[in-house]
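# Examining the three-dimensional arrangement
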Amino acid sequence: MLNYIARRLLWAIPTLIFVSFISFVIIQLPPGDFVTAYAAQLRNSGDYITEAQEAAMRAEWGLNDPLIVQYWRWISNIVLHGDFGRSLEWNAAVSDLIWERVGLTLIISTLSMVFTWIIAIPVGVYSATRQYSVFDYVFTVFGFLGKGVPDFLLALILMWVTFVWLNMDVGGLVSPQFEGQPWTIAKFGNMLTHIWIPLVVLATGGAAGLIRVMRANMLDELRKPYVETAYAQGFGERTVVWRYPVRVALNPFISTVGWALPALFSGDVITAVVLNLPTTGPLLLQALKMQDMYLAGSFILILSVFTVIGTVLSDILLALSDPRIRFS
Amino acid sequence: MSDTTRTSQSSMPPERLLQLDNVGVHFPTRDGLVKAVNGVSYHVNKGEVLGIVGESGSGKSVTARSIMRLQPKNAINASGTIRYRCKSGEELLINEQDRLGRTMRNLRGNEIGMIFQEPMTALSPVHTIGTQIMRTVMLHRQVSKADARARAIELLTKVQMPRPTDIVDRFPHHLSGGMRQRAMIALALACDPALLIADEPTTALDVTTEAQILELLKRLQDEMNMAIVFITHNFGVVADIADRVAVMYLGRVVETGTVDEIFYEPKHPYTQALLQSIPRLGQSHGRRLRTIAGMVPDPFNVPTGCSFHPRCMQAVGGICDVKTPDDVVFASGQRARCHFAGQDRQAEAAQ
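Sequence order as written defines the numbering, with residues in each chain counted from 1. Ligands are numbered from 1 and chains lettered from A, in the order in which they are written. In keeping with the model being predicted, local features are shown solely for residues with a pLDDT of at least 70 and side-chain atom pairs are shown and tallied solely at 80 or more, while totals for entire chains, interfaces and linings include all residues.

## Structural notes on the UniProt feature "transmembrane region" (unreviewed entry) in chain A
All names here are of chain A. UniProt positions are given in the numbering used here, feature names are shortened, and annotations may be inferred rather than shown by experiment. Following the UniProt record, the feature "transmembrane region" (unreviewed entry) maps to residues 9-29, 104-125, 137-166, 195-214, 253-275 and 295-320 here. From the first C-alpha to the last, residues 104-125 spans 32 Å; its make-up is 100% helix and 0% strand. Labels follow the DSSP assignment, with helices taken as runs of H or I lasting at least four residues and strands as runs of E lasting at least two, numbered in each case from the N terminus. Annotation note: span residues 295-320, helix share 100%, strand share 0%, distance between end C-alpha atoms 37 Å.

Okay, here's the thing in structure tokens:
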């Protein structure tokens, strides 16, 4: 088992190096470079720099060096100093811009995933063990509705309802008076009155799909002979269902836990824009629109790193839960 | 009719462990009602092996599952009684028990063990052999985890599992088919059941392994003085292991008797035909093997009268296709459900 984990971790290293290189190439892909964009920015604001000044800046920043040298400088700055470069649009260090957003995104994503699982797994198990019962149909209808209604629409409706009937403004993650303030208990309490909307929106969309997956997995597993064996041992229905088929039916969930991480990171962009949430999604969208290369590149790098870490994580979890994986 | 109901409510003879009377199990389907089991009666005495033989779809597995009350959820228990004598000596009417009730749960795995056809899939793939056996032991007996583990190793030794102390921590996918069936048997025997239901336990195994498993079951049955209901479609296996045999066709027991009676003096034309369709050593070469004409009728259109009459060589028009035969009971206790049982010599002479 330790052997397996060590091997998976070792394999992650070349993968990480490779994705970081690809991320850097993507940053370099748009025509022009940092200086071109900087000069254009200055020109827009009425300033002017000469060709010679531009060339000097290029030399100073090392932009004439070969790609591999530049990559090395970029990645070693990130790894050794945590320096992701500068955002042109915000005129600030990228690392100052993203970490708070990354933290908030992780909180919202993790919470919504936990809610998704808390809803989806019991409902899926119920729907499968009581197939074609009244509640199975109710959950099925709910599931298709939840899957069919776009997240942002649900977000809009919830915001409108709370505004009209409860007279609350729940956009953003905190009320305007707390924005930019240091974190206090009052601000945290205020956040709790806002955070439930993105959680509900993200959890319903996710749960609706997962209920269907869980139900289908369970229906497959419930027909397997080992379930009958468990009944033949004298266990009650609840013990049989939760100890045996659920254990096996959960494996596909566990193997996709890793993908949930990057998906939640970038997948909720529209909802986040609608709800005016200070998460990573809207910032990434903005960076891509403005060709803010270092900001966008940093996001792409972070997303890729999360994907790799998530995959390793779910591989390890799956091996822990399913002995058949460990030895193949 | 009321008379027969009354007699079926009387108590069983003291040596009797299990008795089925006129058991009927039906399945409602989109195309109509399937009478999968249609009035089956058989009994098992303590320490006795009853072989149940029949083609696929003859209802032998469904009947066995109704002893455990483990039929599919849509099954209808249409008729009959199933009586079982508990270890305490008290008689229990299984057909009146709730499927998931305490009484049934206490019976399963404790008094009645069951082994299944597919050793590959009948064990949980994500738990070790030891865990699965220990759970059963701890469910029915108030023992510590360490004692349950010791019991698991003891059981694995009993079923002649190689390296039991190592296998106890292994997962089913580490074991071969024969070893899995041994583990399955160890699981079924976890609490020393008085009755073991074996539903085609050797069908999925190769012939060598089959012989080993049969040998093991015979030895365990002898050691533990346990009764076995052994379901199979293989007459050779029955001859090897059973004391008595019940032959089933289309949801009915057509003939019961001791192994010798069934093999040497079969009274029902279906049993006779089945035995003639088995190749035998020393039989003259060049003779074609006899087969039973026709197909098993589809369960929605069971023939009227004797359900075997369309395929029966000895069927007599006007009787067999009209009237459902009753059991003919012979002095030895052998029973055959045929209008002409015991008269087949004349029938043969008439051909």
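## What to know about the nonpolar core
Ranked by size, the top nonpolar core spans 126 residues in total, and within it Leu195, Ile197, Val229, Phe230 and Val247 of chain B carry the most contacts. Take this core: its biggest share by element is 10 residues, from helix H8 (residues 185-222) of chain A. Apart from residues no more than four positions distant in its own chain, Leu195 of chain B is found in contact with Leu17, Leu18, Val44, Glu111, Ile112, Met226, Ala227 and Val229 of chain B. Connectivity within a nonpolar core runs through C-beta atoms within 7 Å, and the core itself is a set of buried Ala, Val, Leu, Ile, Met, Phe, Trp, Tyr and Cys residues. The exposure scheme places C-beta atoms from the backbone and then counts, for each residue, the other C-beta atoms within 10 Å of its own, assigning buried at 20 or more, exposed at 12 or fewer, and partly exposed in between. In this structure, Phe24, Ile27, Leu97 and Phe299 of chain A belong to the second largest nonpolar core, which totals 21 residues. Two residues form a contact once the distance between their C-beta atoms, set from the backbone, is within 7 Å.

## Digging into the environment of Leu63 of chain A
Residues and elements named next belong to chain A. Position of Leu63 among the secondary structure elements: in the loop between helix H3 (51-61) and helix H4 (67-81). For Leu63, a count of 16 C-beta atoms within 10 Å translates into the label partly exposed. Distance from Leu63 to Gln177, taken between C-alpha atoms, is 43 Å for residues 114 residues apart in sequence. Once residues lying within four places of it in the same chain are set aside, the contact partners of Leu63 are Asp33, Phe34, Val35 and Arg58.

## So, unusual backbone geometry
Excluding glycine, most residues fall at negative phi; most peptide bonds, likewise, are trans. All names here are of chain B. A positive phi angle, near 45°, is found at Arg163, a position not held by glycine. Turning to its location among the elements, Arg163 is positioned in the loop between helix H5 (145-158) and helix H6 (164-167). The exposure class of Arg163 is exposed, given the 9 C-beta atoms found within 10 Å. Positive phi is not limited to glycine here, since Glu200 has a value of about 45°. Topologically, Glu200 is positioned in the loop between strand E7 (195-199) and helix H8 (207-224).

## Examining the packing of helix H14 (residues 280-289) of chain A against helix H15 (residues 293-321) of chain A
Residues and elements named next belong to chain A. Under this scheme, a helix contributes an axis fitted over its contacting stretch, all axes are lines through C-alpha atoms, and angles between N-to-C directions fall in the 0 to 180 degree range. As a packed pair, H14 and H15 sit with axes 8 Å apart at the nearest point and diverge in direction by 135°. The angle between H14 and H15 falls in the class oblique. Helix-helix and strand crossings are classified by hand; for H14 and H15 the assignment is left-handed. Of H15, the residues touching H14 (which contributes Thr280, Leu284, Ala287 and Leu288) are Leu295, Ala296 and Phe299. For classification purposes, an angle smaller than 35 degrees is called roughly parallel, one larger than 145 roughly antiparallel, one from 65 to 115 roughly perpendicular, and anything else oblique. Put simply, a crossing is left-handed when the front helix is turned counterclockwise from the back one by less than a right angle, and right-handed when it is turned clockwise.

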